[in-house]
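Chain by chain, the residues:
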Amino acid sequence: MHTYEIGSLTKTFTAAMISKAIQEGKIDINDTIDKYLPLAEGKNYPDIEELLTHTSGYKAYYFENPMCSNFLNRRNDFYGITKEMVLNKASAINLPDKEYPFHYSNYGYAVLGLLLEKVYQKDYRVLMNQFIEEDLQLKNTRISDKSGDISNYWDWKEKDAYLSAGAITSDISDMLAYAKMQLEEDKYFKQCHERIKEINASTEEYKMMDINMDAIGMAWIIDKENNIIWHNGGTDNYNSYIGFNLKKGTAVVILSNLSPGYRIPATVLGVKLLKSLD
């Protein structure tokens, strides 16, 4: 029962909190982010739905000075990237007013974290840990404090802006419970699974392995060919996967303390296992 970094599976937790905020009437998914965040006037900003579906036009991330020392010290790229940096960058970017294709964006989920802080008036770390403990009732899942029993966990500062994109740690017991919530479409998850946009974003490598990225909901990727809804995650030393088939009632969780590029990734193992259950 080890503690693993789940990387970008964190985004599904952030999306669930957005779903909660929508149900509570705190936000509207079609609102642009400047309705909630103090940003420069007179510019085009993406709406919440576009951030959730990685179709905002934002890049994967934007360079900030701490990234230089992070590279030299072999730290997490996003260590020390402050909320002010993320907000200032959002104000500086002037996106043309048009529809954008799917482009996976950690930065977009950093912005969603700031938006949640604004509407709930709480720090994201506190907010997410409370959500996990009280709403989801998971005992061993939290924003990383490096207290796990393995090693090589990412460094994070207390109030880093990118926590909402990839900072959660968990264990197999909690993540299986989380997968069961997905199958039962418990609480805030049904809305997250609903197809929002067609993205047709499968890479050639993924297509060869019958891993499909046909559409997207709130963070969750939808493989229409195999009736699988899935997400994965990776940090320098960990990789993870959750996939489930609502029609069959099956789900698979893979947690690994190996990097995503080492031998067979969790995603490949997870899809193969989930399809074998059919």
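Residues numbered from 1 in each chain as written. Predicted model: local features only at pLDDT ≥ 70, side-chain atom pairs only at ≥ 80, totals over all residues. Heavy atoms only, no water.

Enquirer: Tell me about the nonpolar core, residues and numbers included.
Expert: With 75 residues, the main nonpolar core has F13, I18, Y58, Y162 and Y178 as its most contacted residues. Per-element accounting of this core gives the leading share, 10 residues, to helix α5 (residues 106-120). With sequence-adjacent residues up to four places away left out, Y178 is seen in contact with T12, F13, L136, L138, F189, W220 and I242. (Core = buried A, V, L, I, M, F, W, Y, C linked by side-chain atoms within 4.5 Å. Buried < 20%, exposed > 50% of the residue type's maximum accessible area, 1.4 Å probe, protein only. Helix = DSSP H or I, 4+ residues; strand = E, 2+ residues; numbered from the N terminus. Contact = heavy atoms within 4.5 Å.)

Enquirer: Got a sec to walk through the pattern of salt bridges? Specific residues and values, please.
Expert: Close approach of charged atoms allows side chains of opposite charge to pair. Evaluation of the coordinates by the stated rule reveals 13 salt bridges. One salt bridge connects E117 with K83, and the closest N-O pair in it is separated by 2.6 Å. Placement of the pair is E117 in helix α5 and K83 in helix α4 (residues 83-92), with a sequence separation of 34 residues. The burial state of E117 is the same as that of K83; both residues are buried. Of the charged contacts in the structure, one is a salt bridge between K224 and E198, with a shortest N-O distance of 2.9 Å. With a gap of 26 residues between them, K224 in the loop between β6 (221-223) and β7 (228-234) and E198 in strand β4 (residues 197-198) connect regions that are remote in the sequence. (Salt bridge = Lys/Arg side-chain N within 4 Å of Asp/Glu carboxyl O.)

Enquirer: Can you explain the sheet that holds strand β2 (residues 142-143)? Please cite residues and give values.
Expert: Spatially, the three strands line up as an open sheet ordered β1-β3-β2, and their pairing is antiparallel. Lying at the two open borders of the sheet, with one neighbouring strand each, are β1 (4-5) and β2. Where β1 lies against strand β3 (residues 168-170), two bridges are found, and the strand directions are antiparallel. Each residue of the ladder has a partner; that of E5, found in β3, is T169. (Pairing = 2+ DSSP bridges.)

Enquirer: Residues and numbers for unusual backbone geometry, please.
Expert: Trans peptide bonds make up most of the peptide bonds, and negative phi angles are found at most residues other than glycine. At N152, a position not held by glycine, the phi torsion is positive, near 60°. On the secondary structure map, N152 appears in the loop between β2 and α7 (163-166). With a relative accessible area of 51%, N152 lands in the exposed category. Even without a glycine there, the phi angle at N227 is positive, about 55°. In this structure N227 comes out as partly exposed when scored by relative accessible area, which is 38%.

Enquirer: Outline the layout of surface pockets, supporting the account with residue identities and numerical values.
Expert: Looking at the largest pocket, its volume works out to about 400 Å³. Surrounding the largest pocket, 18 residues form its lining, Y206, W230, N232, G233 and T267 being those nearest its centre. Counting residues per element, the ones that place at least two in the lining of the largest pocket are α10 (204-208), β7, β8 (239-245) and α11 (266-276). With five residues, the single largest contributor to the lining of the largest pocket is β7. Looking at the lining of the largest pocket, its residues break down into 10 nonpolar, seven polar and one charged. Empty space within the second largest pocket amounts to approximately 190 Å³. Counting only elements with at least two residues in the lining of the second largest pocket, the list comes to β6 and β7. Residue classes in the lining of the second largest pocket are distributed as four nonpolar, three polar and five charged. (1 Å grid on protein atoms, 1.4 Å probe; cavity = no way out; pocket = protein on both sides within 12 Å on 5 of 7 lines; lining within 4 Å. Points joined across faces, edges and corners; volume = space filled by probe spheres on them. Nonpolar A, V, L, I, M, F, W, Y, C, P; charged D, E, K, R; others polar.)

Interpretation note: all reported values are geometric properties and have no functional meaning in isolation.
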